[in-house]
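What follows is each chain in one-letter form.
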Amino acid sequence: MANDGFWRGGDRVEVERVVSGAVVYFPAIVVNEPSVRKNVVWVEHESLVVGGSVRMKEYVIPTRLRPSPPCEPNRRFKSGDEVDVFRDSEGCWVRGNVTEVRGDSRYIVEFNGENRPETEVEHNNLRMHRDWKPSSLQEGNDLERGYKLKIKLKRREQYEKGAIVEVRSEKEAYKGSCPLRDLVEAKNMRPVPPQQLSSVEPGDEVDAWFNKRWWIGNVSKVLGGGSKYLVYLISTAEEEIVPHFNLRPRKDWINGQWVSPSKEECCNPPMKKLKSCETAMKGFHKGMMVEVKSDEPGYEGAWYSAKIVRYLGENRYIVEYQTLKTDDERELLKEVARGSDIRPVPPTLIQRVSRYEVNEDVDAWFNDGWWSGRVYQKSNNYTRYGVYFKTTNEALEFEYNDLRPCQVWRKGEWTRA
């Protein structure tokens, strides 16, 4: 924004509206500058769609716009903080107050004087509430332009004066919150890539808008029915939850045109140093049948049959479960799994004359997966067994045919538990 009320194409803004008697803010992007004749700004909403898939566009008077507030992913909130809550169902930020801090980065927020009930909110859907004063830029506010810079050239180059571009840099200055000017080599610049992104699946390579810049990553999991995704950021080796409207297709600028990364590049990136808790597994290949350990709450420790689809690098694989399906029950579920959570299918052991003993460790077939537990009782004829599961603190009964000896995959070898 050159001065108060003047917006440039590409600015990330929020549109102020009154909904249910309360002021809310809808994230949007300025499509072009204000019309002198109409004194309005043409914007494209990031979370409002028409026809089920097309982002809504509309003219907005400049006084109903404000820059997007700064992103502060590491901020922690306390009871009494005045915050904005992003509500996926409405696609907007709503003002509220934190009333309770819960574990696992969750908070209870109330909405005063509104027809919205008190609700539990995840940390990534919260931000500190800030008011925008057009007369002066408040400290910490910025336009979050994705580091699009206006280039001034002294001689003919690839980019014309005033072109909007993206800059690749690891300089500390680019981590700040204010627009800046810098001298940049042409090899580290490129035009703004195409933004269209329709369907997204686990394993897709994307650019994710996070912490005021675009990051290259892989989609690990689809969340909220496709409204947001768990994305693995390659350069930081971390996973972040990113809304659908903050994703775009991964494209490379090569010889003056946009090119999709090759499958070979996607499947075989250079290996990085793994965390101390992970072990690189090089024995898994495409099409190999394996078992994958779940880390979902309530399903910890369960192993599910799966097939290796492809290797993503950095000890991560796309797997296709053989017993789990997508929400619409039409296809087998695909996800990204760490190598440390994958093991070969256990070998078949010659079982003793159809019996297990009390206190023996076994795997039980339950809810489409194998759960490790311990026998705590048995029937007189050894056909039914009571099994206790420590991870869920449950005790269930199983037929003999639904049990198998518990085996542990450690250092490339199978051993009895």
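Residues numbered from 1 in each chain as written. Predicted model: local features only at pLDDT ≥ 70, side-chain atom pairs only at ≥ 80, totals over all residues. Heavy atoms only, no water.

**Q** Got a minute to help me understand the overall build of the chain in this structure?
**A** A tally of regular secondary structure across the chain gives one helix and 32 strands. Buried residues in the chain amount to 41% of all 417 residues. For the chain, restricting intrachain contacts to residue pairs at least 6 apart in sequence, the fraction spanning at least 24 positions comes to 48%. Element-wise, carbon and sulfur atoms account for 48% of the exposed surface of the chain, whose accessible area totals about 23900 Å². (Helix = DSSP H or I, 4+ residues; strand = E, 2+ residues; numbered from the N terminus. Buried < 20%, exposed > 50% of the residue type's maximum accessible area, 1.4 Å probe, protein only. Contact = heavy atoms within 4.5 Å. Areas by Shrake-Rupley, 256 points an atom, 1.4 Å probe, with all protein chains shown as cover.)

**Q** For this particular structure, what's the right way to read the pairing of strand β16 (residues 228-233)?
**A** Two faces, one strand: in a regular strand the side chains alternate between the faces of the sheet. With six of six residues buried, β16 lies mostly within the body of the structure. Burial along β16 is two-sided: K228, L230 and Y232 and Y229, V231 and L233, pointing in opposite directions, are all buried. With six bridges connecting them, strand β15 (residues 213-223) and β16 associate as antiparallel partners. For V222, the partnering residue across the bridge sits in β16 and is Y229. Between β15 and β16, which follow one another and run antiparallel, lie four residues, and G224 among them has a positive phi close to 55°. Summarising the sheet, β16 and strand β17 (residues 238-243) pair through six bridges and their orientation is antiparallel. Across the sheet, the residue bridging to Y229 is V242, located in β17. Linking two consecutive strands that pair antiparallel, namely β16 and β17, is a turn of four residues; a positive phi of about 60° is found at A237 within it. (Pairing = 2+ DSSP bridges.)

**Q** What am I meant to see in the packing of aromatic side chains here?
**A** Given two aromatic rings, their pairing is described by the distance between the two centres and the angle made by the two planes. Applying the stated criterion across every chain, the model contains 14 aromatic pairs. Ring geometry for W209 versus W214: centroids 5.3 Å apart, planes at 65°, classification edge-to-face. Taking the relative accessible area as the measure of exposure, W209 reaches 7% and is therefore buried. A ring pair is formed by Y356 and Y385, whose centres lie 5.6 Å apart and whose planes are at 80°; its orientation type is edge-to-face. A residue pair is termed long-range when its members are at least 10 positions apart, and Y356 in the loop between β25 (342-344) and β26 (361-366) and Y385 in strand β28 (residues 384-389) qualify at 29 residues. You'll find Y356 and Y385 in the same group, each marked buried. Across from the ring centre of Y25, 3.7 Å away, lies the NZ or CZ of R66, which sits over that ring. It is R343 that lies over the ring of W303; its NZ or CZ is 3.9 Å from the centre. (Phe/Tyr/Trp six-rings, centres within 6.5 Å; stacked < 30°, edge-to-face > 60°. Lys NZ or Arg CZ within 6 Å of the ring centre and 35° of its normal.)

**Q** Please clarify how the sheet that holds β15 should be interpreted in this entry.
**A** With antiparallel pairing, five strands are arranged side by side in an open sheet as β17-β16-β15-β14-β18. For this open sheet the edge positions go to β17 and β18 (247-249), each flanked by a neighbour on one side alone. Sheet twist, expressed as the mean angle between neighbouring strand axes with direction ignored, is 45°. (Axes fitted to C-alpha atoms, helices over the stretch in contact; angles between N-to-C directions.)

**Q** What is the right way to look at the confidence of the model for the chain in this model?
**A** Any region with low pLDDT has predicted coordinates that should not be read closely. This prediction gives the chain a mean pLDDT of 76; 76% of its residues lie at or above 70. Counting interchain partners and residues more than four positions distant, the pLDDT-below-50 stretch residues 172-179 has 19 contacts. (pLDDT = per-residue confidence, 0-100.)

**Q** Is there a simple way to think about unusual backbone geometry in this case?
**A** Excluding glycine, residues mostly have negative phi values, and the peptide bonds linking residues are mostly trans. Located in the positive-phi region is N359, a residue other than glycine, with phi close to 75°. Here N359 is to be found in the loop between β25 and β26. For N359, a relative accessible area of 55% puts it in the exposed group. Backbone geometry at K411 places phi at a positive 55°, although glycine is not the residue there. Structurally, the position occupied by K411 is in the loop between β31 (407-410) and β32 (413-416).

**Q** Would you explain the environment of R213 in this entry?
**A** Among the structural elements, R213 can be located in strand β15. On a C-alpha basis, the gap between R213 and E166 in space is 9.8 Å, while along the polypeptide they are 47 residues apart.

**Q** Please explain a negative patch on the surface as it appears in this structure.
**A** Judged by side-chain charge, E201, D327, D328, E329 and E331 come together as a negatively charged surface patch. As for its position among the elements, E331 is in the loop between β23 (316-325) and β24 (332-338). Overall, E331 belongs to the exposed group, its relative accessible area being 52%. (Patch = residues over 30% accessible without salt bridge, like charges linked within 9 Å, V, L, I, M, F, W, Y side chains within 5 Å. Salt bridge = Lys/Arg side-chain N within 4 Å of Asp/Glu carboxyl O. Lys, Arg positive; Asp, Glu negative; His and termini not counted. Charge placed at Lys NZ, Arg CZ, Asp CG, Glu CD.)

**Q** Help me out: how do you make sense of the environment of G203 in this one?
**A** Tracing the backbone through its elements, the reader meets G203 in the loop between β13 (189-191) and β14 (205-210). Accessibility expressed as a relative area gives 1% for G203, which makes it buried. Separated by 106 residues in the primary sequence, G203 and V309 have C-alpha atoms spaced 9.7 Å apart. With residues up to four places along the chain from it excluded, the contact list for G203 reads N218, V219, R310, L312, I318 and V336.

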